[in-house]
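# Architecture at a glance
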Amino acid sequence: MLREKLNWTTQKSESTDAEHRGGMLCSSDEAAVMAVERRKRVVQRKHVGQPQWEEPMSQAKPFEINKHDVFNAWRQVKANRGAHGSDEQTITEYEGSLKDNLYKLWNRMSSGSYVPPAIRGVEILKRDGKMRLLGIPTVSDRIAQTVVRNLFEKQVEPDFHPDSYAYRRGKSALDAVRVTRRRCWQYNWVLEFDIKGAFDNIDHELMLKAVRHHTNCRWTLLYIERWLKAPMLMTNGQTVARDKGTPQGGVISPLLFNLYMYYTFDHWMKSYYPDVPFVRYADDGLLHCRSEPEAIGLQQAIGERFLNCHLELHPTKTKIVYCRDANRRGKYINIQFEFLGFVFRGRLAKSRQGKYFNSFSPAVSRASAKSIHKRMREWKLTRWTNAELSDIASKVNSSLRGWWNYFGEFYPRALKRVFAHFNTLLVRWVVRKYKRFKGSTSKAKKWLRGLSEREPNWLFHWQLGLLPAVEQ
C-alpha cells in the first residue's frame, strides 16, 4: 500500500521547470522529463520500512526532493490534524485525492514553481484579554513546510543552546521549570523578560542571513523566503502583505523563531555573559543573577540587544525578582514570578529531616488554575442527566491526567484544590441526575464519596486519592 501511494502518476497539466526565484513558469514536455523516472524500479527491502529508490532521482528537475520525504511529511501533518487554511480544504478532503495531491506538491516543489498560498489569519483570545493573531497554512502548504522543516532542523538543531527548551525534541517545558527551580535555589535574583510581539516582528533580512549561515540548499532557502513573505488572508476577506514576522501557526515558524533567537539572544549571551545562566522558552526567558545591580545592568544590555535586532522587551512583563525564602529574608517589591504556567515564590516545604521551612519553589499559578476551572465548566456536567459516570470519565480522564502530569510535577498540594473543584461539579451533577438527592447536597456528597471509595479507578483523580469531601 505504501509503495502504491508513493508511485504517483504523472500529471500532464503540471509544469516541471521554473526559475529558482519565483520567475515565470516555463512550458515543458513532462512526459519526456519523467520518462527516465518511469523506467526506474523500486527495490523491495527485506526489512520492514519505507521502500527506497534503487537509483537517485532524475536530474531533470532543478531540485532533488525525495518523494518519500513528501509522503512522510503528509503522515506527520495528518497525525497533527489541525484546521483548514485559506482554501478551506480539510485534511479529510485532501486525503480523498491523496496520490494526485502529493504528486502535484512534489512536482511543483521539485521544479521550483511552488508558491505558498495566502495563510489564513485567525485571532484567538489570550489570558490577558488581548487577541493573538495566528496564521494557518493550507494542508498542502503544511506538508511542504514539514518537508523543509525536517531537513533544515537536522542542520541547525546541533548548534542550538542547551538552555533553549521550546519546540525542540527531547526537551520540554517541565525540563525548563525543573532547571529554573534548581537555579533559583543557587542565585538570589532573577531577571524575567518577555518580548513584545516576538513572532510578528522578526526581521526577514536578518532571518534569511541566519538561514544562509546554516545551509546552502537552494530550495530550502527559496521556500523559506517565500513562506516568510506569504500574504495573510484576514477574516474580513482582505489580503494583507507581510514584510516582517513569521506567523504563529506555521509548521516551520517555531524552528525559524528559535534560529532567530539563537543569534539574537542565546549565542549573544554565551559570547558576552558566559557566567550568567539563563532559561529561554520561545519568547519568555529568565536570567539568574547574583545581585540586583547585575540584574539591572543585564536588563539594559538585553534591551539594547533586542532593539538592534528589531525586537522590544515587554514593558510590564519584564522585571527583576528577589528569590525570598528562609535563607534570603530581604525585602523587595517583586518576590515572585510566573513561568510556563507555574508561579515561583516562597512556599512551606518539609525537609528530609521532617522540619518545615520556606522554600522558593514553583506551583500551579492562579491564572492556570482559573483556566482549568473554566475548561471544567465548559464541560457543563450538570446537563449530562442522561449520562452515567462512565460516560463522564471517558470524556474528562485524558484532561485530568494531562493537568496532573504537568502541574502536579511540582508542589502538587496546590493542584489538589483545583481537582476538588471538579468533585464539586460532580456533586451538582448527582443532585441534578437523581431525584432522591434533589435539594440535599450533603446526601449527594456522601453517596459520591462512597462510590469513589468503591470504584476509585473510574476517574483519574480518584486513583490519586483525591476523593469528594464529606461534610463533618
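Structure report, in brief. (Residues numbered from 1 in each chain as written. Predicted model: local features only at pLDDT ≥ 70, side-chain atom pairs only at ≥ 80, totals over all residues. Heavy atoms only, no water.)

## Details of the sheet that holds strand E15 (residues 356-364)
We apply this condition: Note on pairing: two strands pair once DSSP finds at least 2 bridges between them. For helices the rule is a DSSP run of H or I covering at least 4 residues; for strands it is a run of E covering at least 2, with both sets numbered from the N terminus onward. To obtain each axis, a line is fitted to C-alpha atoms, and for helices this fit is confined to the stretch in contact; angles are then taken between N-to-C directions over 0 to 180 degrees.
Ordered by their spatial adjacency, 3 strands build an open sheet running E13-E14-E15, and the pairing between neighbours is antiparallel. Of all the strands in the sheet, just strand E13 (337-339) and E15 have a single pairing partner and so form its edges. Mean inter-strand twist for the sheet, computed between neighbouring axes without regard to direction, equals 50°. With 9 bridges connecting them, strand E14 (residues 342-350) and E15 associate as antiparallel partners. Among the inter-strand pairings, Phe344 is bridged to a residue of E15, identified as Pro362.

## Some thoughts on helix H11 (residues 292-308)
We count it as follows: To estimate how far a helix should extend, the number of its residues minus one is multiplied by 1.5 Å. When a residue's accessible area, from a 1.4 Å probe over protein chains only, is under 20% of the maximum for its type it is buried; when over 50% it is exposed; and in between it is partly exposed. What makes two residues a contact is simply this: any of their non-hydrogen atoms within 4.5 Å. Any pair of N or O atoms that falls within 3.5 Å is considered a polar contact. Within protein, one atom must be able to donate a hydrogen and the other to accept it, and sequence-neighbouring residues count only if both atoms are side-chain atoms.
Its 17 residues give H11 an end-to-end C-alpha distance of 25 Å, which sits within 8% of 24 Å, the value for a rise of 1.5 Å per residue. Among the residues of H11, Ala295, Leu298, Ala301, Ile302, Gly303 and Phe306 are the ones counted as buried. Contacts from the buried residues of H11 go to strand E7 (189-194), helix H10 (253-272), strand E11 (284-289) and strand E12 (319-322). A side-chain oxygen of the first residue of H11 lies 3.3 Å from the backbone nitrogen of Glu294; this N-cap is Ser291. The first or second residue beyond H11 is His310, which carries a positive phi of 65°.

## With respect to the side chain of Ser361
With respect to the element layout, Ser361 can be found in strand E15. Those residues in contact with Ser361 that lie beyond four places of it in its chain are Trp185, Val343, Phe344, Arg345 and Arg347.

## Some points on a positive patch on the surface
Counted only if it meets this: The patch calculation keeps residues exceeding 30% relative accessible area without a salt bridge and links them within 9 Å when they carry like charges or within 5 Å when they are nonpolar (Val, Leu, Ile, Met, Phe, Trp, Tyr). Accessible areas in this description were obtained via Shrake-Rupley with a 1.4 Å probe; residue shielding takes into account the shown protein chains only. The term salt bridge refers to a pairing of a side-chain nitrogen on Lys or Arg with a carboxyl oxygen on Asp or Glu at a separation within 4 Å. Charge convention: Lys and Arg are scored as positive, Asp and Glu as negative, and His as well as the terminal groups of each chain are ignored. All charge positions are set by atom: Lys at NZ, Arg at CZ, Asp at CG, Glu at CD.
On the surface, Arg345, Arg366, Lys370, Arg413, Lys416 and Arg417 cluster together to form a positively charged patch. Going through the elements one at a time, helix H12 (366-378) and helix H14 (412-433) are the ones with two or more residues in the positive patch. Tracing the backbone shows Lys370 in helix H12.

## Concerning the pairing of E14
Regular strands show a simple pattern: their side chains alternate between the two faces of the sheet. Pairing between E13 and E14: 3 bridges, direction antiparallel. Residue Phe337 lies in a different strand from E14, and its bridge partner there is Phe344. In this antiparallel pair of consecutive strands, E14 and E15, the connection spans 5 residues, and Gly354 shows a positive phi of 90°.

## Regarding the packing of helix H5 (residues 98-111) against helix H6 (residues 139-156)
Angle between the axes and distance between the axes are the two parameters that describe a pair of packed helices. Our working rule: Any angle that falls under 35 degrees is termed roughly parallel, while one over 145 is termed roughly antiparallel, one within 65 to 115 roughly perpendicular, and all others oblique. When the near helix sits turned anticlockwise from the far one by under a right angle, the crossing is termed left-handed; a clockwise turn instead gives a right-handed crossing. Residues are grouped as follows: Ala, Val, Leu, Ile, Met, Phe, Trp, Tyr, Cys and Pro are nonpolar; Asp, Glu, Lys and Arg are charged; all remaining types, including Gly, are polar.
Axis separation between H5 and H6 bottoms out at 11 Å; the angle between their running directions is 50°. Relative to H6, the element H5 is oriented oblique. Viewed along their axes, H5 and H6 form a crossing whose handedness is right-handed. The segment H5 lies against H6, with Leu102, Leu105 and Met109 engaging Ser140, Ile143, Ala144, Val147 and Val148. Looking at the contact of H5 with H6, its residues break down into 7 nonpolar, 1 polar and no charged.

## Considerations on the environment of Asp175
By the secondary structure assignment, Asp175 is in helix H7 (residues 173-186). Through-space distance from the C-alpha of Asp175 to that of Asp163 is 9.6 Å; in sequence the pair is 12 residues apart. Engagement of the side chain of Asp175 in a polar contact is seen with the backbone nitrogen of Ser172, the distance being 3.1 Å.

## So, the packing of helix H8 (residues 204-214) against H10
One can describe the packing of H8 onto H10 by two numbers: an axis separation of 10 Å at closest approach and a directional angle of 90°. If you check the angle between H8 and H10, you find them roughly perpendicular. Seen from H8, the contacting residues are Leu206, Met207, Ala210, Val211, His213 and His214; seen from H10, they are Leu256, Leu259, Tyr260 and Tyr263. Here the residues of the contact of H8 with H10 are counted per class, giving 8 nonpolar, 2 polar and no charged.

## Things to note about the environment of Ala282
Checked against the element boundaries, Ala282 lands in the loop between strand E10 (278-281) and E11. On the basis of relative accessibility, which here comes to 5%, the residue Ala282 falls in the buried class. Each residue touching Ala282, except ones within four places of it in the same chain, is listed here: Ala166, Tyr167 and Phe257.

## What to know about the packing of aromatic side chains
Convention followed: Aromatic rings from Phe, Tyr and Trp, taking only the six-membered ring of Trp, are treated as a pair when their centres fall within 6.5 Å; an angle between ring planes under 30 degrees marks them as stacked, one over 60 as edge-to-face, and anything in between as tilted. Any Lys NZ or Arg CZ that is within 6 Å of a ring centre and within 35 degrees of that ring's normal is treated as a charge sitting over the ring.
Tallied over the full model, the rule gives 28 aromatic pairs. For the ring pair Phe265 and Phe278, a centre distance of 5.0 Å and an interplane angle of 75° mean the geometry is edge-to-face. Linking Phe265 in helix H10 with Phe278 in strand E10, this pair joins segments that are 13 residues apart in sequence. For Phe265, a relative accessible area of 0% gives the class buried. Counting every residue linked through ring pairs, the aromatic cluster contains Phe193, Phe265, Phe278 and Phe306. Sitting over the face of the ring of Tyr165, Lys171 holds its NZ or CZ atom 4.8 Å from the ring centroid.

## Quick word on the sheet that holds E11
Spatial ordering of the open sheet is given by E10-E11-E7-E12, a layout of 4 strands whose pairing is antiparallel. Of all strands in the sheet, those bounded by a partner on one side alone are E10 and E12. Taking the axes of each pair of neighbouring strands and ignoring which way they run, one obtains an average angle of 20° across the sheet. Packing against the sheet, H7 makes contact with E7, E10 and E11, and its axis sits at approximately 155° to E10. Lying on the sheet, H11 is in contact with E7, E11 and E12; it crosses E7 at an angle near 20°.

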